[in-house]
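Here is how the chains run, residue by residue.
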Amino acid sequence: MKFGVSINTNDSVADALAKGLEIEGLGLDHVWVLDLPSQRYSPAVAAAVASTTREIRIGLGLISPFLHTPQQIASSLTTLIEFYGGRFELCIGPGDRVQLERVGVDLDAVGDIPNHMINAKDAISEALGERGLKCRIWLGAQGPRLLKIASHFDGVLLNYSSPEMIRWALEVIERSRIRQHTMIGVFAPSYVYKTLNTEMYKLLKLASVTVAMRASSYVLKKFGLLELIEPARRELLKRPLDSVESILNMIPSDVVERFSIFKSQKELRNYIERLETLGVEHIVFSYPQASSIEAISELTEVLRLEGYMTS
C-alpha cells in the first residue's frame, strides 16, 4: 500500500512548498497537487514542490481535459519530467461541474465523456512517448460510465471511501476489464488522528459533504443516499454551502462516513486491511488532513505506530 497526502487548493505557494517538503521528510510516498480551475494551475505548483524535494512522487490532478487540452497537459508533463525526473503522476477526469462552470466550461454540452477521457489519455501518452517519457495516468471516476473505461488507464482513483462502494466499483471495472492490471486508489477527504480535534472534524464534514453533494446521482441512488442529501441539495441552490452550517447539519453522519476517511489510530488498521483485501493499492488523504503540518505529522505518526511506515 502506498500513501499520499494532497496539498490544499487554498494554500499559498509558500505553504504548499513547506508541506511538500514535510510530507517527503516524514516518509510518505506521494504528494498530490489539486487543479482548481478558478484558483490554481497544478503543474506550476508541482514544479515548485519538485524544486524543493528530491524523491517523493508528485501527483497532478484531477485535471480536466475539457479545461486543458491533452496537448497542453502533455506539454506541462514533458517540462516537469525533463527538469525534475520521472517522478510525476497524472489524474484526469471530467472535473467538478461547479468549478468548471465558474470558468465557462459546461459539461452538459459535452457528448460521450467516457470516449473523450480515453482519447485524452491516449493523446497524452503518445505525446510523452514521442519524447521517450512515461507517466502513470490515473482516471478519476465514481459512476458506472467512467468506471467501465477504467481499464484503459494505469489506475483509477475513487473519491468515496466506503468499502461497500469500493467493492461495487471494482465489480463494474472487472466486468469491462481489457488490461491485465489497473491500479486502484482512494482519494478522499480525510482526518486520521490520535487525539480528536473538533475543529478538524468540522472541516472534514464540510469537505466530505461537498464531495457527496456533487457525486454521481446514480451512485447516490444505488447506495440509498440520494434521498438523504436531496433536501440539502435543494437548499444549496439558494445559498453557498461553505457559509451555511445549517446545510451541513442536514446531512446524516452516514453520508460523511462514506465519502471520507475519518479514523482514530485504533480504527485505521482495520480500515486499511479491508481496503487491501479489496485490492486497493494507494490511499490519498485529502483535505483537511493537510490543513496543517501538525495534522500531516499526526497522520504519519499513526501510520508508523500501526506498522505501515518505518521510522
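Structure: see above.
Just so it is clear, the model here is predicted, and its values are computed rather than measured.

A. Structural view of the overall build of the protein chain. Helix and strand counts for the protein chain come out as 14 helices and nine strands. Its C-alpha atoms give the protein chain a radius of gyration of 18 Å, within 12% of the compact-globule value 19 Å for 311 residues. Taking all 311 residues of the protein chain together, 53% fall into the buried category. When contacts within the protein chain are restricted to residue pairs at least 6 apart in sequence, those whose partners lie at least 24 apart make up 76%. Put simply, the protein chain has 34 plus and 37 minus side-chain charges, and the middle of one group is 3 Å from the middle of the other.

B. Fine view of the packing of helix α7 (residues 163-175) against helix α13 (residues 265-278). One can describe the packing of α7 onto α13 by two numbers: an axis separation of 10 Å at closest approach and a directional angle of 10°. The angle between α7 and α13 places the two elements in the roughly parallel class. Contact with α7, carried on its side by Pro163, Ile166, Arg167 and Leu170, involves Tyr271, Arg274, Leu275 and Leu278 of α13 and no other residues of that element. Broken down by class, the residue content of the contact of α7 with α13 amounts to six nonpolar, no polar and two charged.

C. Up close: the pairing of strand β5 (residues 136-141). With five of six residues buried, β5 is to be regarded as a mostly interior element. Sheet topology note: the β5/strand β6 (residues 155-158) ladder contains four bridges and is parallel. When the sheet's bridge partners are listed, leucine 139 is paired in β6 with valine 156.

D. Spatial organisation of the side chain of serine 161. Relative to the assigned elements, serine 161 resides in the loop between β6 and α7. When neighbours within four sequence positions are excluded, serine 161 is seen to be in contact with Ile166, Val186, Ala188, Glu257, Arg258, Phe259, Ser260, Ile261 and Tyr271.

E. Geometry of the packing of aromatic side chains. Overall, the coordinates contain 11 aromatic pairs when judged by the stated rule. Ring centres 6.0 Å apart and planes at 40° place the aromatic pair phenylalanine 83 and tyrosine 84 in the tilted group. For phenylalanine 83, a relative accessible area of 64% corresponds to the exposed category. With a centroid separation of 6.1 Å and 20° between ring planes, the pair formed by tyrosine 191 and phenylalanine 262 is classed as stacked. Linking tyrosine 191 in strand β7 (residues 183-193) with phenylalanine 262 in strand β8 (residues 261-264), this pair joins segments that are 71 residues apart in sequence. Note on tyrosine 191: relative accessible area 2%, which makes it buried.

F. Quick look at helix α8 (residues 198-213). Between the first and last C-alpha of α8 there are 22 Å, a value that for 16 residues agrees with the 22 Å anticipated at 1.5 Å per step. For α8, the N-terminal cap is asparagine 197; the gap from its side-chain oxygen to the backbone nitrogen of glutamate 199 is 2.9 Å.

G. Region of the structure containing the layout of surface pockets. Its boundaries defined by the atoms lining it, the second largest pocket holds a volume of some 270 Å³. Ser162, Pro163, Glu257, Lys263 and Tyr271 are the residues nearest the centre of the second largest pocket, which is lined by 15 residues in total. Residue assignment for the lining of the second largest pocket shows that the elements contributing at least two residues are α7, α12 (253-258), β8 and α13. The greatest single-element share of the lining of the second largest pocket, amounting to four residues, is contributed by α13. Partitioned by chemical class, the residues of the lining of the second largest pocket number three nonpolar, four polar and eight charged.

H. Spatial organisation of the pattern of salt bridges. A complete count under the given rule lists 10 salt bridges for this structure. The partner of glutamate 89 in a salt bridge is arginine 57, with the nearest N and O atoms 2.6 Å apart. Of this pair, glutamate 89 sits in strand β4 (residues 88-92) while arginine 57 sits in strand β3 (residues 57-63), placing them 32 residues apart in sequence. A relative accessible area of 0% means that glutamate 89 is categorised as buried. What makes arginine 57 partly exposed here is its relative accessible area of 26%. Of the charged contacts in the structure, one is a salt bridge between glutamate 273 and arginine 269, with a shortest N-O distance of 3.4 Å. Taken together, the residues glutamate 273 and arginine 269, both in helix α13 and four residues apart, mark about one turn of the helix.

I. A look at the packing of α13 against helix α14 (residues 293-305). Their axes nearest at 10 Å, the elements α13 and α14 cross at an angle of 65°. As far as their axial angle goes, α14 and α13 are roughly perpendicular. Crossing hand, α13 versus α14: right-handed. Where α13 abuts α14, its residues Gln265, Leu268 and Ile272 lie against Val302, Leu303 and Leu305. Within the contact of α13 with α14, the residues separate by chemical class into five nonpolar, one polar and no charged.

About the cut-offs
- Residues numbered from 1 in each chain as written.
- Predicted model: local features only at pLDDT ≥ 70, side-chain atom pairs only at ≥ 80, totals over all residues.
- Heavy atoms only, no water.
- Helix = DSSP H or I, 4+ residues; strand = E, 2+ residues; numbered from the N terminus.
- Rg over C-alpha atoms; globule rule 2.2 N^0.38 Å.
- Buried < 20%, exposed > 50% of the residue type's maximum accessible area, 1.4 Å probe, protein only.
- Contact = heavy atoms within 4.5 Å.
- Lys, Arg positive; Asp, Glu negative; His and termini not counted.
- Charge placed at Lys NZ, Arg CZ, Asp CG, Glu CD.
- Axes fitted to C-alpha atoms, helices over the stretch in contact; angles between N-to-C directions.
- Parallel < 35°, antiparallel > 145°, perpendicular 65-115°, else oblique.
- Nonpolar A, V, L, I, M, F, W, Y, C, P; charged D, E, K, R; others polar.
- Pairing = 2+ DSSP bridges.
- Phe/Tyr/Trp six-rings, centres within 6.5 Å; stacked < 30°, edge-to-face > 60°.
- Expected span 1.5 Å × (residues − 1).
- Polar contact = N/O pair within 3.5 Å; in protein donor to acceptor, adjacent residues only side chain to side chain.
- 1 Å grid on protein atoms, 1.4 Å probe; cavity = no way out; pocket = protein on both sides within 12 Å on 5 of 7 lines; lining within 4 Å.
- Points joined across faces, edges and corners; volume = space filled by probe spheres on them.
- Salt bridge = Lys/Arg side-chain N within 4 Å of Asp/Glu carboxyl O.
- Left-handed = near helix turned anticlockwise from the far one by under 90°.

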